[in-house]
Amino acid sequence: MPIDAGSTPSDGDLAPFRADPLRWLVQARRERGDVFRLHTGRAVFSRLLDCREVVAVFGAAAVQQVLTDTETFAMPASAAGALALPQGLAKLNRSLHSMAEPEHGQHKRALGKLLGSTAQGSNVIHVLEQATEHWPLHEPQPLLGRMRELTLALAGHVLLSSDADPALAPLLHEYFLLRREAASPAAAADPAMREALLAAGSRVDAMLRRHLNPRETAGGVLARLRCPRAMAGLALSEDDAVGHANILFVSATEPIAVALTWMLLLLSQQPGLQRALRGDPAALDDVLLESLRLLPPNGFMVRVTTRPVKLGDLSLPASSEVILCPLLSHRESSVFEHPDIFLPGRWRGVRPTPFEYFPFGAGGHSCVGRSLGMDLLRSALGFMLQRFHTVLDADQVIDWRLHVMFMPRAEIMVRFDPPDASSVGGRWAGPVAELVDLGG
């Protein structure tokens, strides 16, 4: 049963949670039920200054309530205020997640129409070949770093026009990485970091404004953000278009690179499956879905209450932080038999609801680019399988961290061998390996 406020742990008692949040949440849920208080007082994941309580939420019914009632369970505030960004740069990150209804719904429908018309075209393979032509075979390489290169090239091809400034895509990615680092507590008092962020943000803002084009014939998805005919009749302001362009590009790069990193790590431990997929491309989606189930980049999600609400057996005040954990919610034994086993074939029989499996979120703030994201993953992973055989470079202990996303704590070193290679790589160990049972 959920614990009451009187027995809620003090801030000092959060040390076990911070040391091993997944193990702590599993145990706490077993003892307290689907909805339970984690802490009273200071927020754990958000910047909610007047936080009253922090609760964790599991179970499809409670997850559905949180993700569909977007007025009561709102997205947390952006880091722009804490970083004291000037108004122009604060708008760079103003996208769907920072909008309320009816504006949110209007923009989401328009962006859905625009992204739904996106076609990758026949040049995708050529783009990916160019991105990987300098990768040396048989030599140690950083997996996440290489996946960032790959997704940057792919997203640039899909989202930007052919005449876009070639510096735009890498600059957008650089700005995201700087903003993520500057928003971390460790960099809060680093004036050099903030100065670099402001400089990169100013360049991004100016370059995106030059890229936007209100003509229907404009090339590239992002360039058409100010074209009403491409946006379901919605005429975006230049500020809104710039914010959407920045967030859409980031969403098509870093989360995709992290997801591909986890996928190739899993496949590096199953060379037989790598070979089988080359002869059975239809099975690729099963691997995508299963990898996103076990190691989703959005391992944790956060909402904040805007008013008092009953959630499960708890009555929450306004200004409560609500934590959801797809990383654990995707392991419900009542939905997924043998939930910790990496079993791609399960997807030919299981059909979870959007609140039992939500690697792209669900409800009102679900990812508007889900279909595009799956297309990018499908293209990139299919290409990697046909061009390379991925193996770990020696045995490695692999850990994870939460850095906006659920991602590797340190680089994973791999080798890319020819696809017909029979090379045997290293084995994984450590916290990530403990999350996945490879079976057999």
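Residues numbered from 1 in each chain as written. Predicted model: local features only at pLDDT ≥ 70, side-chain atom pairs only at ≥ 80, totals over all residues. Heavy atoms only, no water.

**Brief notes about the pattern of salt bridges**
Applicable threshold: Any Lys or Arg side-chain nitrogen located within 4 Å of an Asp or Glu carboxyl oxygen qualifies as a salt bridge. Strands here are runs of E lasting at least two residues and helices are runs of H or I lasting at least four, both read from the DSSP assignment and numbered beginning at the N terminus. To sort residues, take the accessible area from a 1.4 Å probe on protein chains only and compare it with the maximum for the residue type: under 20% means buried, over 50% means exposed, and anything in between is partly exposed.
In the structure shown here, the tally under the stated rule is 24 salt bridges. When the shortest N-O distance is used, the salt bridge between arginine 346 and glutamate 290 registers 3.0 Å. Linking arginine 346 in the loop between helix H14 (326–329) and helix H15 (370–387) with glutamate 290 in helix H13 (residues 284–294), this pair joins segments that are 56 residues apart in sequence. A relative accessible area of 0% places glutamate 290 in the buried class. Because the salt bridges share partners, they merge into one network encompassing Lys91, Asp205, Arg209, Glu238 and Asp239.

**Quick notes on the sheet that holds strand E1 (residues 35–40)**
Worth spelling out the cut-off: In this analysis, strands are considered paired if DSSP registers two or more bridges between them. Here, two residues are considered to be in contact whenever any of their heavy atoms come within 4.5 Å of each other. The axes are straight lines fitted to the C-alpha atoms, using for helices just the contacting stretch, and the angles between their N-to-C directions are given from 0 to 180°.
Spatial ordering of the open sheet is given by E1-E2-E8-E5-E3, a layout of five strands whose pairing is mixed. Strands with a single pairing partner mark the edges of an open sheet, and in this sheet they are E1 and strand E3 (73–74). Running at roughly 120° to E1, helix H2 (residues 21–32) makes contact with E1 and strand E2 (53–57) of the sheet. Sheet contacts for helix H3 (residues 60–68): E1, E2, E3, strand E5 (301–305) and strand E8 (320–324); angle to E8, the most-contacted strand, approximately 125°.

**A closer look at the side chain of asparagine 246**
Along the polypeptide, asparagine 246 turns up in helix H10 (residues 238–251). Owing to a relative accessible area of 2%, asparagine 246 belongs among the buried residues under this scheme. Residue contacts for asparagine 246: discarding those within four places in its chain leaves Leu92, Asn93, Leu172, Tyr175 and Leu208.

**Examining the pairing of strand E12 (residues 405–408)**
Sheet topology note: the strand E11 (residues 400–403)/E12 ladder contains four bridges and is antiparallel. Bridge pairing links leucine 402 to phenylalanine 406 in E12. Between E11 and E12, which pair antiparallel in sequence order, lie one residue; one of them, valine 404, sits at a positive phi of approximately 70°.

**Looking at the nonpolar core**
General note: in soluble globular proteins, nonpolar side chains tend to be found buried as a group. Worth spelling out the cut-off: Nonpolar core, defined: a set of buried Ala, Val, Leu, Ile, Met, Phe, Trp, Tyr and Cys residues in which side-chain atoms within 4.5 Å join the residues together.
Ranked by size, the top nonpolar core spans 129 residues in total, and within it Met147, Leu225, Leu381 and Trp428 carry the most contacts. Sort the elements by how many residues they give to this core and helix H11 (residues 254–268) lands first, with 11 residues. Setting aside residues no more than four positions away along its own chain, leucine 225 makes contact with Leu111, Leu114, Leu212, Met231, Leu236, Ala241, His244, Ala245 and Leu248. Counting 18 residues, the second largest nonpolar core, distinct from the first, contains Val35, Leu311, Leu314 and Leu316.

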